[in-house]
Amino acid sequence: MNKQKTMKLSLPEEELMNSGHLACQGCGATLAMRYALKALGKRTVLCIPACCWSVIDGPFPYSSLDVPIFHCAFETAAVSASGVKAGLEMVGDTETTVVAWAGDGGTFDIGIQALSGVAERNDNILYICYDNEAYMNTGTQRSSATPWGAWTTTTPVKHFKERPKKDMEAIMAAHRIPYIATASVGYPEDLFKKVKKAKDIQGTRFLHIYAPCPTGWKSRPEDTIKLARMVVQNSTFPLYEIEWGEKYKLNIKPREKKPIIDYLGIQGRFRHLTKEDIAHMQEEVDKKWERLLKQCEVN
Amino acid sequence: MRKVIMGNHALSYGAMISRSQVIAAYPITPQTQVVELLSEMCADKTLDAKFIKVESEHSAMAACLGASLAGARTFTATSAQGLALMHELLHWASGGRLPVVMGNINRSMAPGWSIWSDQNDSLSQRDTGWMQFYCCSNQEVLDTVIQAFKVSEKLLIPSMVILDAFTLSHTYEVVDLPEQEKVDEYLPPFKPLIRITPDEPHAFGGLTSPEHYFELRYKVQKAMEEGLALIEETGREFEKMFGRYLGIVEDHRCEDAELILITSGTMGSTAKIAVDELREEGIKAGNLRIKVFRPFPFDIIRNILKGAQKVAVVDRNISYGHHGMFYQEVKSAMYGHSNGLPLFGFIAGLGGRDITPTTFKEIANYALEKEKPEEEITWIGVNR
């Protein structure tokens, strides 16, 4: 082959995730894992509770990842990671990064108690939540990460979700842990940088990754990246970091803040919403955005 | 070294002398002194271990499982509601073949709130794949923790070392604390063949189809079946090194007994007093205390009951709508082996109601008077 001049890559070429995994087409969670592992490297242990990823990885005795996995109980991701970390240190391995890798149900709902315990103790683990905004592995039931207005199988169109998404960053910030960040699979370089940064910090680090789910959101698989960029551009899911629960930093400020209507329009889960509903959602997004800007301004 | 310590501290010293490496625990009466002493030992480096002070028993067991999977020797302790909260993860421990050792203080289940002893907490967990050791002295508690680590780590099956609330947990007795060097010789470091490490990436506990799951469960049962011989062997080895045999059951005057009482835990020592008094009255009684409940010692029990004319099983627990659980187990062991031997089932001492020598005499008299059981279970000392 001719030696060609190629563009400098923005992410390492090495893959720790292989083909043969069981994800749906256009799965955001799969991209999240692929990018995260590029930053984490081989000296990593994953603790994965019940979630899409406990299936995506592949059935026993196969695994699509080149790092070891502890498939742990649904509500135990964070503390399982603490246990693995303590155990590894006691047998002489102080280097390995131990990561709890959980979905939004395992983080916002059933796993929040163990996560809060870990964060309060500031145990030395990295917690990554890939958020597809509902229980997707069981077939799209609402979680406390499901946004206002969304259809799920347990929030049917006639009675869609009428409570806002839980503000997980605020809850984690209240624990005064060294590092919290949001990321989106639509911004791989930003995601990579944050995982890399989090990897080298001691104590509890919490990363929240926005990961579209075409199957559950009734969106087209080819729109996954588009959605993961729009959600940042319209400030529904801003990309920011919080240090020690106090110091806020906005990473991407859209030049022109887009309205949410186009973003909602390409997802079947919002199809039933009226103009008034959408106006209400826009208002809530704006309010939250203003609040975040103020928090960032202080610094 | 001889020390006067409470039963709870016998668990702590057992965990210490076994060189536990990761401890994760949550406080619950009457277990608290176990973890208080261990946290002091970790703080002043008497014990080189990490103590994870979790926010619940569920997390305590989850942390233990993670640590054990990483290859560390792991200990926790709990009681009653705490044990029930762990239930899901008890299956995880045995299914994941993680040899955690746990102390459980037998306490009655709420409601109403009760901190006093009965066995419904641990016996409700009998089908979770844990070995269960019911102890009756502080020395036995300490020694059994050491033995449990040895057996668990060989079989890759977790162990529960069980003692009665207050009757043992808060009772002070003289205990011989074995020398560390000798314990190290008896119990070498935990070196599992396979553990979670980036050096050799495996996925543990992933989605398992019917093609494999069945065989994995068969292997858990096989390990349990090997357990009895291993408990016997390690019990003898312990005797050689420390002068105390750690048996599967305790047989007190059963050899020529016509009436055999079957007991467990501290009521086993009370029953011995009753047996001696009955013997003085001319009644040939004996006491069989079952220490190892899982794996269940079928043959040993059949053998000891062979010469008896009557058997009275005393349960400090009940499976509602059925029998006391030791009674169920003894009956199932004797099916096809009893030659019509009458087996009586008694329920006594729930919620910490005292079980005294008089209780056993009442039980003995009842069993001696009747030709065979006239009811499924007989309640002793209950106000109807």
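These figures come from a predicted structure and were not determined experimentally. Throughout, residues of each chain are indexed from 1 in the direction in which the sequence is written. Naming scheme: in the order in which they are written, chains are lettered from A and ligands are numbered from 1. Only residues with pLDDT of at least 70 get local features here, since the model is predicted, and only at 80 or more are side-chain atom pairs given and counted; chain-wide, interface and lining totals rely on the full set of residues.

Caption draft 1: Looking closely at the domain arrangement of chain B. Residues and elements named next belong to chain B. Boundary definitions for the domains trace back to an automatic or database domain assignment. Here chain B is described as being made up of domain 1 (2-242) and domain 2 (250-379). Any two residues are considered in contact once their C-beta atoms, placed from the backbone, lie within 7 Å. Contacts between the two partners involve 26 residues from domain 1, matched on the other side by 21 residues from domain 2. If you tally residues by element for the side of domain 1 that touches domain 2, the top one is helix α9 (residues 210-242), at five residues. Taken together, the residues of the side of domain 1 that touches domain 2 break down into 13 nonpolar, nine polar and four charged. We count a stretch as a helix when DSSP gives it H or I for four or more residues in a row; a strand needs E for two or more, and each element gets its number in order from the N terminus. Residues are sorted three ways: Asp, Glu, Lys and Arg are charged, Ala, Val, Leu, Ile, Met, Phe, Trp, Tyr, Cys and Pro are nonpolar, and all the rest, Gly among them, are polar.

Caption draft 2: Quick peek at the interface of chain B and chain A. Contacts between chain B and chain A engage 38 residues on the former and 40 residues on the latter. Among the secondary structure elements, those contributing two or more residues to the side of chain B that touches chain A are β2 (22-25), β3 (50-53), α3 (57-69), α5 (87-95) and β9 (203-204) of chain B. Among the elements that line the side of chain B that touches chain A, the one with the most residues is α3 of chain B, at ten residues. Considered class by class, the residues forming the side of chain B that touches chain A number 20 nonpolar, 14 polar and four charged. By the convention used here, strands pair only if DSSP detects at least 2 bridges between them. The sheet contact formed by strand β2 (residues 69-71) of chain A and β9 of chain B spans two bridges and is parallel. Looking at β9 of chain B, one finds that F70 of chain A is bridged to F204 of chain B.

Caption draft 3: Focus on α9 of chain B. Residue and element names in this part refer to chain B. End to end, α9 covers 46 Å across 33 residues, agreeing with the expected 48 Å (1.5 Å per residue, within 8%). The largest bend in α9 comes to about 35°, at G227. Neighbour density around each residue's C-beta defines its exposure: 20 or more other C-beta atoms within 10 Å make it buried, 12 or fewer make it exposed, and counts between make it partly exposed, where C-beta atoms are placed from the backbone. For α9, every residue scored as buried is listed here: A223, G227, I231, G235 and F238. Buried residues belonging to α9 abut β6 (131-134), α7 (138-155), α8 (180-186) and β13 (292-294). A positive phi of about 80° marks G243, the residue just after α9. To estimate the expected span of a helix, count its residues, drop one, and scale the result by 1.5 Å. Throughout, the bend at a residue refers to the angle made by two axes, fitted to the seven residues ending there and to the seven starting there.

Caption draft 4: Fine view of the packing of helix α1 (residues 28-40) of chain A against helix α7 (residues 188-199) of chain A. All names here are of chain A. Across the interface, α1 lies against α7 with an axial gap of 8 Å and an inter-helix angle of 45°. The angle between α1 and α7 places the two elements in the oblique class. Crossing of α1 against α7: the hand is right-handed. Of the residues in α7, those touching α1 at Y35, A36, K38, A39 and L40 are P188, L191, F192, V195, K196 and K199. Residue composition of the contact of α1 with α7, by class: eight nonpolar, no polar and three charged. Helix axes are fitted to C-alpha atoms over the stretch in contact, other axes to C-alpha atoms as well, and angles between N-to-C directions run from 0 to 180 degrees. Note on terminology: angles under 35 degrees are roughly parallel, angles over 145 are roughly antiparallel, angles of 65 to 115 are roughly perpendicular, and the others are oblique. Note on convention: near helix rotated counterclockwise from far helix by under a right angle means a left-handed crossing. Clockwise means right-handed.

Caption draft 5: Examining the sheet that holds β2 of chain A more closely. Pairing is mixed across the open sheet formed by nine strands, whose spatial order is β8(A)-β7(A)-β5(A)-β6(A)-β4(A)-β3(A)-β1(A)-β2(A)-β9(B). Strands with a single pairing partner mark the edges of an open sheet, and in this sheet they are β8 (247-250) of chain A together with β9 of chain B. Against the sheet, α1 of chain A engages β1 (44-48), β3 (97-102), β4 (126-131) and β6 (205-210) of chain A, with an angle of about 155° to β4 of chain A.

Caption draft 6: Region of the structure containing helix α10 (residues 267-280) of chain B. Residue and element names in this part refer to chain B. Between its terminal C-alpha atoms α10 stretches 20 Å, which fits the 20 Å expected from 14 residues at 1.5 Å a residue. Along α10, the residues that are buried comprise M267, G268, T270, A271, K272, A274, V275 and L278. For α10, the elements touching its buried residues are β10 (249-252), β11 (259-263), β12 (285-290), β14 (310-315) and α13 (357-369). Immediately beyond the C-terminal end of α10, within one or two residues, lies G282, with a positive phi of roughly 95°.

Caption draft 7: Just the confidence of the model for chain B, in detail. This prediction gives chain B a mean pLDDT of 98; 100% of its residues lie at or above 70. For this predicted complex, the interface score ipTM comes out at 0.97, while the overall pTM is 0.97. As a per-residue measure, pLDDT tells how confident the predictor is, with possible values from 0 to 100.

Caption draft 8: Summary view of the sheet that holds strand β7 (residues 159-164) of chain B. All names here are of chain B. Taking strand neighbours across the sheet as the criterion, the seven strands line up as β3-β2-β4-β5-β7-β6-β13 in an open arrangement whose pairing is mixed. A strand with exactly one partner marks an edge of an open sheet, and here the two such strands are β3 and β13. Going across the sheet, the axis of each strand differs from the next one's by a mean of 20°, ignoring polarity. Pairing of β6 with β7, which is carried by four bridges, proceeds in the parallel orientation. Note that in β7 the partner of F133 across the bridge is V161.

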